[in-house]
Amino acid sequence: MTKYTMVVDLDRCQGCRACMEACKIENNTTEGVFWMYVFRLEEGEYPNTQQTYLPRPCQHCDNAPCVKVCPVGARYKREDGLVLTDFDRCIGCRYCELACPYGVNYFNWGKPEKQHYGEWDDPDLQAVTGGANPPWSNPDLARPHGDEQRMVAGGGHHKGVMEKCTFCVHLVERGELPACVVTCPVQALRFGNTDDPETPVSRFIREHGHFRLLDELGTEPRVVYVGGQPPSDEVHEIELVHAGVER
Amino acid sequence: MDTVTRRGFVGGAAATTGVVAGRDFLFGGSETLASVSETALGPVIEDVVPTTCWIGKQDCGMLARRVDGRVVKFDGDPANPRNVGTLCPKGQAQIVSIYDPNRLKTPLVRTNGKGERGEWRTATWSEALAMVAERVNEVRERDPKLVLWQKGRSKAKKFYDDAFVKAIDSSKLGHGAYCSDAGYRALEYTIGLHGVQHPDFEETRYLLGWGWNITNAGGNKFCWLTWPRQMVAARDRGLQITHIDPRLRSAGPFADTWLPIRPGTDLALALAMCNGLIENGVVDVDYLTTYTNAPYLVGDDGMFLRVDDLPQVWDSASDTAVPAGEASEPALEGTFEVEGTTYTTGFTVFKEHVAPSTPEWAADICGIPAAQIRSIVREFGENASIGSTKVIDGVEVPYRPVGIMAYHMAQQELGFQALRAMTMINMLVGAVGAAGGTFSDFTWKIDKNYEAFEQFTVEDPPYDFLLKNSKYFPINTGFPGMLAKVMLDPERYGVEEVPEVAILHMVNPLGSFPGQPEIIESYKKFEFVTVISPWLNETADYFADVVLPAATIEKYEGPISATDQYIDATTLRLPPMEPLFESRGEIDIYLDLTEAMGVLFGEEGYLAEVNAALGLEEPFALPLDEKPTVREIFDRWSRAQGLDEGIEYFENNGVLVEGRIDPTKRFGYAADPPFGGVVHRLYGESLLDAQRQMQAKGADEIYWRDYTALPTWRPPTMEGSPSEYDLYLISYHQVENKQSRTGFIPLLAELTPQQRLDINPATARAKGLNDGDEVWVESHNAVTGESRRVKTNLAFTEGIRPDTVGMPHHFGLWSHPTSRDRGPSPNEIYPTGEGYMANTADQSFHVKVKVERT
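The following refers to the structure shown. (Residues numbered from 1 in each chain as written. Chains lettered and ligands numbered in written order. Predicted model: local features only at pLDDT ≥ 70, side-chain atom pairs only at ≥ 80, totals over all residues. Heavy atoms only, no water.)

In an α-helix, one turn spans 3.6 residues; hence positions three or four apart end up facing the same way. All names here are of chain B. The end-to-end C-alpha separation of helix H19 (residues 586–597) is 16 Å, in line with the 16 Å expected for 12 residues at 1.5 Å each. In terms of burial, H19 is a largely internal element, nine of the 12 residues being buried. Residues of H19 that are buried: Glu586, Ile587, Ile589, Tyr590, Leu591, Asp592, Leu593, Thr594 and Met597. Two residues or fewer past H19, Gly598 is found with a positive phi of approximately 80°. (Helix = DSSP H or I, 4+ residues; strand = E, 2+ residues; numbered from the N terminus. Expected span 1.5 Å × (residues − 1). Buried < 20%, exposed > 50% of the residue type's maximum accessible area, 1.4 Å probe, protein only.)

Nonpolar side chains in soluble globular proteins tend to be buried together. Residues and elements named next belong to chain B. Phe159, Phe201, Trp210, Phe380, Leu419 and Tyr606 are the most contacted members of the largest nonpolar core, which has 330 residues in total. A per-element tally of this core places helix H8 (residues 266–279) first, with 10 residues. Formed jointly, this core draws a minimum of three residues from each of two domains, domain 1 (182–294 + 348–450) and domain 2 (717–853). (Core = buried A, V, L, I, M, F, W, Y, C linked by side-chain atoms within 4.5 Å. Domains from an automatic or database assignment.)

So, about the sheet that holds strand S11 (residues 257–259) of chain B. Residue and element names in this part refer to chain B. Sheet architecture is open: four strands sit in the order S11-S10-S9-S20, paired in parallel fashion. Edge positions in the sheet fall to S11 and strand S20 (402–405), since each of these pairs with one other strand and no more. If you compare each strand with its neighbour and ignore which way they point, the axes differ by 20° on average. Of the strand pairs in this sheet, strand S9 (residues 206–210) and strand S10 (residues 240–244) are connected by five bridges, and their pairing is parallel. For Leu207, the partnering residue across the bridge sits in S10 and is Ile241. Most of the contacts of H8 go to S9, to which it runs at about 155°, and overall it touches S9, S10 and S11. (Pairing = 2+ DSSP bridges. Axes fitted to C-alpha atoms, helices over the stretch in contact; angles between N-to-C directions. Contact = heavy atoms within 4.5 Å.)

What follows deals with the pairing of strand S18 (residues 389–392) of chain B. It is a general feature of regular strands that their side chains alternate between the two faces of the sheet. Residues and elements named next belong to chain B. Sheet analysis places S18 next to strand S19 (residues 395–398), joined by four bridges and oriented antiparallel. Paired with Ile392 across the two strands is Val395, which belongs to S19. Here S18 hands over to S19 after two residues, with Asp393 in that stretch at a positive phi of 50°.

Time to look at the interface of chain B and chain A. Listed by partner, the interface residues are 76 residues for chain B and 70 residues for chain A. In this assembly, chain B packs against chain A so that about 5800 Å² is buried in total across both faces, 57% of it on carbon and sulfur atoms. At the boundary of chain B and chain A, one finds eight salt bridges. There are 22 residue pairs in polar contact (both at pLDDT 80 or more) connecting chain B and chain A. Elements with a contribution of two residues or more to the side of chain B that touches chain A: helix H1 (24–27), helix H2 (31–41), strand S2 (61–67), strand S3 (70–76), helix H3 (89–93), helix H7 (226–236) and helix H26 (746–751) of chain B. (Buried area = accessible area lost by both parts, 1.4 Å probe. Salt bridge = Lys/Arg side-chain N within 4 Å of Asp/Glu carboxyl O. Polar contact = N/O pair within 3.5 Å; in protein donor to acceptor, adjacent residues only side chain to side chain.)

It is worth spelling out a positive patch on the surface at this point. A surface patch of positive charge is lined by Lys158(B), Lys166(B), Lys172(B), Lys445(B) and Lys448(B). Considering the arrangement of structural elements, one finds Lys445(B) in the loop between strand S21 (438–439) and helix H14 (448–452). (Patch = residues over 30% accessible without salt bridge, like charges linked within 9 Å, V, L, I, M, F, W, Y side chains within 5 Å. Areas by Shrake-Rupley, 256 points an atom, 1.4 Å probe, with all protein chains shown as cover. Lys, Arg positive; Asp, Glu negative; His and termini not counted. Charge placed at Lys NZ, Arg CZ, Asp CG, Glu CD.)

One pass over the structure, following the stated rule, counts 76 salt bridges over all chains. Close ionic contact of Glu138(B) with Arg142(B) constitutes a salt bridge, the shortest N to O distance being 3.2 Å. Highlighted residues: Glu138(B) and Arg142(B), both in helix H4 (residues 125–142), separated by four residues, approximately one helical turn. Given the relative accessible area of 38%, Glu138(B) is considered partly exposed. You can call Arg142(B) partly exposed: its relative accessible area is 48%. Across the pair Arg247(B) and Asp758(B) runs a salt bridge whose closest N-O atoms are separated by 3.7 Å. Here Asp758(B) lies in strand S29 (residues 757–759) and Arg247(B) lies in the loop between S10 and S11, a separation of 511 residues in the sequence. Owing to a relative accessible area of 6%, Asp758(B) belongs among the buried residues under this scheme. By sharing partners, the salt bridges in this structure join Arg40(A), Glu239(A), Arg247(B), Arg249(B), Glu736(B), Arg756(B) and Asp758(B) into a single network.

The following block contains the structure:
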């Protein structure tokens with residue numbers, strides 16, 4: 001059995017947001033959509049000021065509130081720990097968005113093809129891209145995944161459906177790491193199977209103090225934070241990015 | 001090219017499984033479907049090819065994942081020591097630029113007057129090149145130096161700065177005066193290395209992160225990624241960081257101690273640290289006596305005692321003055337009488353010079369508590385471990401695990417001397433070139449400026465337009481802001497001829513350089529301007545006569561160092577696709593341009609200069625009568641490196657890793673001869689001599705006052721602004737941006753949508769201002785009395801000094817749809833020139849401002 005867990009090492013994170021960008025390119029998400037979001041936080045008064053960074057992907061909860069409220073079974077939990085959205089089945093009711101305490105669900109309000117960061121219909125460009133929109137569109141995302149062969153990978157598929165972080169299901173299924181983990185310049189993100197206590201990720205969690213976000217809600221997140229502490233009530237966000245989601 | 005594996009994924013060409021047809025309702029006419037349809041006809045060709053990042057400074061190794069030749073993702077190349085499989089946000093986002101429909105599609109020729117938004121007609125390459133060749137050659141025939149080649153980021157120096165400039169014999173100008181060149185000059189002068197302080201992260205235990213943008217950008221040689229990687233690894237081993245900067249955000253959670261220093265006062269703190277170390281007896285006598293000019297005898301006139309041109313030291317064994325290097329017991333300290341005249345050692349002069357720089361004195365100037373200064377002096381001294389050694393890679397070297405990272409500290413009026421003084425902190429404890437100590441280059445290769453700075457020759461006018469050897473700048477980085485001032489008033493600076501034509505190579509002075517009004521006016525003086533750029537950038541828009549469309553990453557370029565300071569490696573930039581539209585790589589452009597100019601072939605042509613720059617000799621040298629492709633040039637170069645496969649080695653492997661750099665190259669003490677054979681200049685005799693020559697030539701005090709033998713504190717010019725300008729403006733890079741071209745990438749614009757003014761909430765509230773309020777930021781030039789202002793919005797942060805406000809760069813652009821309406825650049829309100837530059841002709845990024853509601 002494999003159960004995937006992501007570990008975020010707050011002692012290493014530099015808040016650079018490379019993970020946010022790697023996610024966007026890999027998953028072809030549209031403008032304002034950040035399946036991975038890195039908070040830049042500040043608290044305390046000058047000169048006793050503390051600044052911290054907090055990467056926040058979907059927590060892929062074992063007891064996921066979003067799964068419970070989905071009326072059509074589009075949002076579901078897999079045995080390997082991933083919480084996914086079948087965009088063929090999603091009816092866009094947005095219950096999952098309301099149920100989730102982490103603010104990681106993004107609803108496709110507009111036509112995705114108009115929100116891929118540019119006008120890509122230039123004929124000279126299409127001669128190069130074959131009409132790809134966005135030009136970096138990833139064919140893996142149009143393929144079904146998992147034993148059930150469901151359409152769960154990538155973002156920006158069509159108007160009226162919900163989307164969120166998939167732990168890069170299309171990469172994980174072929175033995176690769178999620179795009180955010182790969183690009184992180186300081187190894188602040190780790191990913192692996194924690195069903196086996198001897199994997200590097202299992203050992204790393206065991207050897208370090210850790211916490212989970214909003215653990216008290218009983219959501220049983222599969223994202224584990226090492227180093228630092230849960231954000232206090234006193235923090236405020238600096239250098240925020242305008243994401244198209246309620247936070 | 002061969003398919004290579006990516007993150008352990010074997011068989012990249014086999015990604016044809018699981019394709020489902022008939023999902024048209026989902027994707028409409030989008031590309032995802034197009035790709036799937038093709039698959040129904042046959043396998044999608046998926047491969048991964050190596051290339052090198054183009055967007056930033058440090059050229060990280062990358063793998064481009066392609067689907068039927070279309071690049072869909074860049075990832076870091078795990079084999080490249082510099083970035084080890086990782087990328088920063090800019091590296092990830094740059095994929096947009098290879099498809100940007102706003103890029104130049106063809107060469108353009110201006111059809112309207114200059115100094116306003118351009119109107120253009122398209123031209124063929126041959127027409128455009130012929131126009132450029134004719135205009136440039138016309139000037140070259142009269143005086144080639146009146147052709148100015150100006151670069152921003154040069155990514156194949158050997159082909160551009162060296163070979164092309166030599167082939168056409170033009171003047172050249174870089175951008176370093178806006179970066180850290182005052183620091184480069186300080187370190188070249190003081191220890192002979194080309195670079196600014198960085199630590200040996202493998203061994204450093206205590207780091208002064210002096211203005212260092214740990215969590216954003218900026219560091220010696222690397223823009224960001226490599227230093228943070230090494231820094232977090234060092235913290236795992238217990239590295240302690242003292243962060244010295246008016247803003248906390250530049251180190252964020254990695255500041256164990258934060259010293260929020262007043263802008264422009266770093267020299268005072270460095271002098272106080274030197275004084276404190278001496279007072280505490282933390283002095284590496286062996287290093288100072290053996291490897292520096294500290295024991296040289298200095299006369300009352302500030303000059304060394306010389307006999308037959310040889311500087312003398314006091315030999316305590318014989319109680320006589322003897323030539324440096326010949327004493328059996330050279331005295332580091334003391335005053336001695338030689339033939340009736342009194343001489344004092346350089347070290348004693350230094351000790352007396354810094355003696356008044358007490359913690360209380362510096363605390364008052366720097367705006368930080370004296371107790372904090374005392375404590376970092378103590379911590380630095382304790383960690384310095386003077387006298388200890390460590391075996392590194394089999395070689396025993398002095399162990400001084402105290403490092404300084406000080407790169408952009410050079411960007412201030414006292415930048416040159418501040419960086420000298422910071423180097424002296426390292427010198428006092430013997431940490432220069434020691435294990436865990438401070439370095440400024442990766443090997444102990446001595447820069448030619450070390451020798452050149454031994455004796456300055458200040459000449460009478462007329463000067464060339466870069467003011468070389470002038471009474472203004474005996475050390476002269478080459479400063480576009482100063483060139484602008486010279487072009488606007490050549491007579492004032494004793495200049496008779498100004499450049500007539502310019503070739504602007506990947507540079508956007510209007511968007512990137514302070515003194516923006518002066519820069520704009522100066523470019524109007526050029527009779528003909530050629531811009532080589534992927535975009536019709538701000539400078540091209542206003543001033544280009546001809547624009548030549550350059551490729552971004554999709555070209556051959558190099559050779560590129562891939563070292564991380566510990567492992568030696570080399571790579572190339574390889575094109576992951578054909579250049580977009582009609583763009584061309586710059587090397588292609590220079591081959592074509594020199595051909596059009598008639599200087600491609602022959603013994604003094606571009607090809608000959610490329611051979612010289614790349615070190616290509618028979619049998620690998622390029623024939624001088626045959627135009628090669630760029631790939632052929634790199635193939636020959638690769639073979640000259642001993643790679644029998646030629647360029648295919650890089651096409652297959654991405655990077656050539658040579659292995660760990662030998663300790664005898666890395667550590668100054670272990671080098672043969674030690675420190676490359678140069679004497680470290682604690683005492684700057686030639687600087688004082690330069691000052692006297694400047695005075696004799698009638699230079700004003702504002703030019704000569706910082707040419708002092710020892711770093712000497714004075715209040716920066718900005719302190720002369722009226723008291724209503726009550727705040728210091730500083731500026732900085734954010735990690736999302738580097739060079740104005742990152743302003744053209746919509747993904748990065750999304751992360752940094754708007755300019756802002758960082759301000760301490762207490763400061764704002766005292767002015768009746770709130771978070772988010774729109775304000776005027778008005779600067780004042782204390783020399784000219786001129787004021788300039790821009791409008792932006794306040795961003796509250798408790799991570800900045802109450803007397804300081806901050807603005808990031810990379811805003812204020814207009815030429816690209818992505819860059820518009822995102823607020824102003826601080827460059828619009830920074831003065832340039834006298835009072836706002838270092839004595840080495842380098843821009844200061846400090847000015848006094850007032851902030852008022854709009």
